[in-house]
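What follows is each chain in one-letter form.
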Amino acid sequence: MTIHIVSPNETIQSIAEYYGITEDKLIEDNGLDSADKLIVGQSLVIVKPEITYTVKEGDTLRDIADAFQVSLIELLANNPYLSEREFLYPGDILVIRYEKRGTITTHGNTVPNIDKTTLRKTLPYLTYISVLNYTAAKDGGIISYYDDSEIVQIAKAYGVAPLMLLTTLTIQGEANIIADFEVLLNEEFQRKQIDNILVILKEKGYFGLNLSLQYISLSNIQLYESYFANVTNRLNSEGFQVFVTINPNINESSNEVSFQKVDYSIINRLAQNIIFSSYEWAFNINPPSPITSINKTEMFLNYVLNYIPPDKIIIGIATLGYDWELPYVAGISNVNVISFDNVNDLASNNKVGIHYDDLSQTPYFTYTTNNQINHAVWFINAQTINATLELVSKYHLKGISVWNITVYNPQLWLIINAEYAIEKVL
């Protein structure tokens, strides 16, 4: 795999010719909607399959899978456009196999109203999927928002283990720290909550629970440990796995990186897997800055690996970007979320190039609107994705977690799938 950074005067045709691939493959692999909208500084992923096959009259996907001894899920992962196609056509060139360098566990978060086409297109790349549909109430009750039964069943059909994601955040991302501590301080509320969790797990057919812990600190870690022990002991005895998602709350001030330096030993002993990830929402209260940082993540890993073995750690990867109005004033300036689909269009329409911050390993650009308002945009690209995967490889981590999968990012899944075999537990 190669990541190519677009230089001035380069075209799709010149890049495809240089790497010996077709223009159509370059466009499709990178999710480009136009062959004439390349931006200086834009990242493109170049992959060359180990084995391909040209479809013949009468071929079926099952026949091809059997002939090459690969699964249907692998074929769907290697050829994502098939999820939107009803038939194979003679002349189609299918990717049968990429040369992998290892195996990885992948986890994705979703909301229950995800577009089903996007869901099916993404599932071949996932080991686990967590459904954000349950908010813990302060009395031990659980609030649900949608019927997620269909998502659970579709996930299982693709060999993906569905996890019930329980948090005190609402589905819109609104925090309720009071509810957290009402349950932490009351064992009766905890018992009621666990009973409610078990009802949902069994009724919906979930593989297990992903418990989101947003507010861990030195002052409350013992409360969380006691609560988490009660949850895991009960659920494990009923045959359910328990994951935990922890927001590492990594901050930087005066060039100093800080995070909560707590002892994760007991949580490590209890949890089947531990995901370190912050959630991204359609709002952002931070000033213009990288939305993730490989440097900060590595510093956090060097600390947390003292308490948790690497084969239990799953690290989060950002997928959304943000567009800040300048000059930035907290609570006043507009900050808009921006997806992979739109970020390159925004740069192209404003005729600006993309820059790259070497420390955080994230891209950014600035532009000025017609009414002379300045903007700063930070997002992730193929380089950021690859750098995150390099951390997984360097520290022998379990894998990565994506928040969230409701917007399909072709470069993300191409890089992962071209380099790693996706673990399946079902």
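Note that the structure is predicted; figures quoted are calculated from it, not measured. Here the residue numbering is sequential within each chain, running from 1 through the sequence in written order. In keeping with the model being predicted, local features are shown solely for residues with a pLDDT of at least 70 and side-chain atom pairs are shown and tallied solely at 80 or more, while totals for entire chains, interfaces and linings include all residues. With hydrogens and water stripped out, all remaining heavy atoms of the structure feed into the side-chain values.

Caption draft 1: Spotlight on the pattern of salt bridges. Any Lys or Arg side-chain nitrogen found within 4 Å of a carboxyl oxygen on Asp or Glu counts as a salt bridge. The full count for this structure, using the stated rule, is 13 salt bridges. Measuring nitrogen to oxygen at the nearest pair gives 3.1 Å for the salt bridge that ties E84 to K121. Remark: K121 occurs in helix 5 (residues 116-122) and E84 occurs in the loop between helix 4 (72-78) and strand 4 (93-97); sequence separation between them is 37 residues. A residue is classified by how much of its surface remains accessible, and K121, at 17% relative accessible area, is buried. Through salt bridges with shared partners, one network takes in R101, E390 and E419. Helix numbers and strand numbers start at the N terminus; a helix is a DSSP run of H or I with at least 4 residues, a strand a run of E with at least 2. In this scheme, a residue with accessible area under 20% of its type's maximum is buried, one over 50% is exposed, and one in between is partly exposed, where area comes from a 1.4 Å probe on protein chains only.

Caption draft 2: Highlighting the packing of aromatic side chains. Pairs were defined over the aromatic rings of Phe, Tyr and Trp, the Trp ring being its six-membered one, requiring ring centres within 6.5 Å. Orientation was assigned from the angle between planes: stacked under 30 degrees, edge-to-face over 60, tilted for the rest. Throughout the structure, instances matching the rule amount to 16 aromatic pairs. Here Y303 and Y307 contribute two aromatic rings whose centre-to-centre distance is 5.4 Å and whose plane-to-plane angle is 55 degrees, an arrangement assigned as tilted. Y307 gets classed as partly exposed once you look at its relative accessible area, which sits at 25%. Consider the rings of F365 and F379, whose centres lie 5.9 Å apart with planes at 65 degrees: the pair is edge-to-face. Taken together, the positions of F365 in strand 18 (residues 362-368) and F379 in the loop between strand 19 (374-378) and helix 13 (382-394) put the pair 14 residues apart, joining distant regions of the chain. Feature note: the residues F259, Y264, F276, F300, Y303 and Y307 constitute an aromatic cluster, connected by ring pairs. For a ring to carry a charge above it, either NZ of a lysine or CZ of an arginine must fall within 6 Å of the ring centroid while also lying within 35 degrees of the normal to the ring plane. Here K261 stacks its cationic end above the ring of F259, 4.3 Å away from the centre of that ring.

Caption draft 3: Representation of the UniProt feature "domain: LysM" (unreviewed entry) in the protein within the structure. UniProt positions are given in the numbering used here, feature names are shortened, and annotations may be inferred rather than shown by experiment. Within this structure's numbering, the places UniProt gives as "domain: LysM" (unreviewed entry) are residues 2-46 and 51-96. For residues 51-96, the end-to-end C-alpha separation is 5 Å, with 33% helix and 17% strand making up the annotated structure.

Caption draft 4: Local environment of the nonpolar core. Among the buried residues, those of types Ala, Val, Leu, Ile, Met, Phe, Trp, Tyr and Cys that are joined through side-chain atoms within 4.5 Å form a nonpolar core. Core analysis: the biggest nonpolar cluster contains 108 residues, and M164 and L235 have the highest contact counts within it. Top contributing element to this core by residue count: helix 9 (residues 221-237), with seven residues. Lining this core are residues from two domains, each supplying at least three of them: domain 1 (2-97) and domain 2 (102-320 + 380-422). Working rule for contacts: check all heavy atoms of both residues, and any pair within 4.5 Å makes them a contact. Among all residues touching L235, those that are not within four sequence positions of it are I194, I197, L198, L201, L209, F240 and V242. Domain limits in this description derive from either an automatic procedure or a database domain assignment.

Caption draft 5: Looking closely at the sheet that holds strand 17 (residues 355-357). Paired strands, in this sense, are two strands between which DSSP finds at least two bridges. Sheet architecture is open: five strands sit in the order 16-15-19-18-17, paired in antiparallel fashion. This sheet does not close on itself; its edge strands, each paired only once, are strand 16 (335-338) and strand 17. Sheet twist, expressed as the mean angle between neighbouring strand axes with direction ignored, is 25 degrees. The sheet contact formed by strand 15 (residues 321-326) and strand 16 spans four bridges and is antiparallel. Bridge pairing in strand 16 places Y322 opposite V337. Only the stretch in contact is used when a helix axis is fitted, and all axes are lines through C-alpha atoms; the angle between N-to-C directions ranges over 0 to 180 degrees.

Caption draft 6: The arrangement of the domain arrangement of the protein in detail. Domain boundaries in the protein define domain 1 (2-97) and domain 2 (102-320 + 380-422). Domain 1 and domain 2 are separated by 31 Å when their C-alpha centres are compared. For any pair of parts, buried area is found by adding up, for both, the accessible area (1.4 Å probe) each one loses once the two are put together. In this assembly, domain 1 packs against domain 2 so that about 1400 Å² is buried in total across both faces, 65% of it on carbon and sulfur atoms. At the junction of domain 1 and domain 2, the tally comes to one salt bridge. Polar contacts, as counted here, are pairs of nitrogen or oxygen atoms within 3.5 Å of one another; within protein the pair requires one atom able to donate a hydrogen and one able to accept it, and residues that are adjacent in sequence qualify only if both atoms are side-chain atoms. In this assembly, domain 1 and domain 2 are joined by seven residue pairs in polar contact (both at pLDDT 80 or more). Breaking the side of domain 1 that touches domain 2 down by element, the ones donating at least two residues are strand 1 (2-5), strand 2 (43-46) and helix 4. In the side of domain 1 that touches domain 2, the residues fall into nine nonpolar, five polar and two charged. Only Asp, Glu, Lys and Arg are considered charged in this grouping, and only Ala, Val, Leu, Ile, Met, Phe, Trp, Tyr, Cys and Pro are considered nonpolar; every other residue, Gly among them, is considered polar.

Caption draft 7: Seen up close, the pairing of strand 19. Within strand 19, four of the five residues are buried, leaving the element largely enclosed by the surrounding structure. In this sheet, strand 19 lies alongside strand 15 in antiparallel orientation, the contact comprising five bridges. Looking at the pairing, Y322 lines up with W378 of strand 19. With five bridges joining them, strand 18 and strand 19 adopt antiparallel strand pairing.

Caption draft 8: Region of the structure containing the side chain of S333. One can find S333 in the loop between strand 15 and strand 16. Looking at S333, its side chain comes within polar contact range of the main-chain oxygen of P327, at 3.2 Å. There is a polar contact of 2.6 Å between the side chain of S333 and the backbone nitrogen of V329. If we ignore the near neighbours within four places in the chain, the residues touching S333 are E325, P327 and Y328.

Caption draft 9: Structural view of the layout of surface pockets. The method works on a 1 Å grid over the protein atoms by themselves. A cavity is a set of points holding a 1.4 Å probe that cannot get out, a pocket is an open set with protein on both sides within 12 Å along at least five of seven lines, and residues with an atom within 4 Å of a point line them. Grid points are joined across faces, edges and corners, and a volume is the space filled by probe spheres set on the points. Of the volumes computed, that of the largest pocket is approximately 1400 Å³. Looking at the largest pocket, it is lined by 46 residues, and the ones nearest its centre are N247, I250, S278, N286 and I291. Looking at the lining of the largest pocket, the elements with two or more residues in it are strand 11 (251-253), helix 11 (294-304), strand 14 (313-318), strand 15 and helix 13. Of all the elements, helix 11 adds the most residues to the lining of the largest pocket, at five residues. The residue makeup of the lining of the largest pocket, split by class, is 25 nonpolar, 17 polar and four charged. Around the second largest pocket, the lining is made up of 29 residues, and of these D24, K25, E28, D29 and Y81 lie nearest the centre. When contributions to the lining of the second largest pocket are tallied by element, the ones reaching two or more residues are helix 2 (23-29), helix 4, strand 4 and helix 14 (410-419). The residue inventory of the lining of the second largest pocket, partitioned by class, reads 14 nonpolar, seven polar and eight charged.

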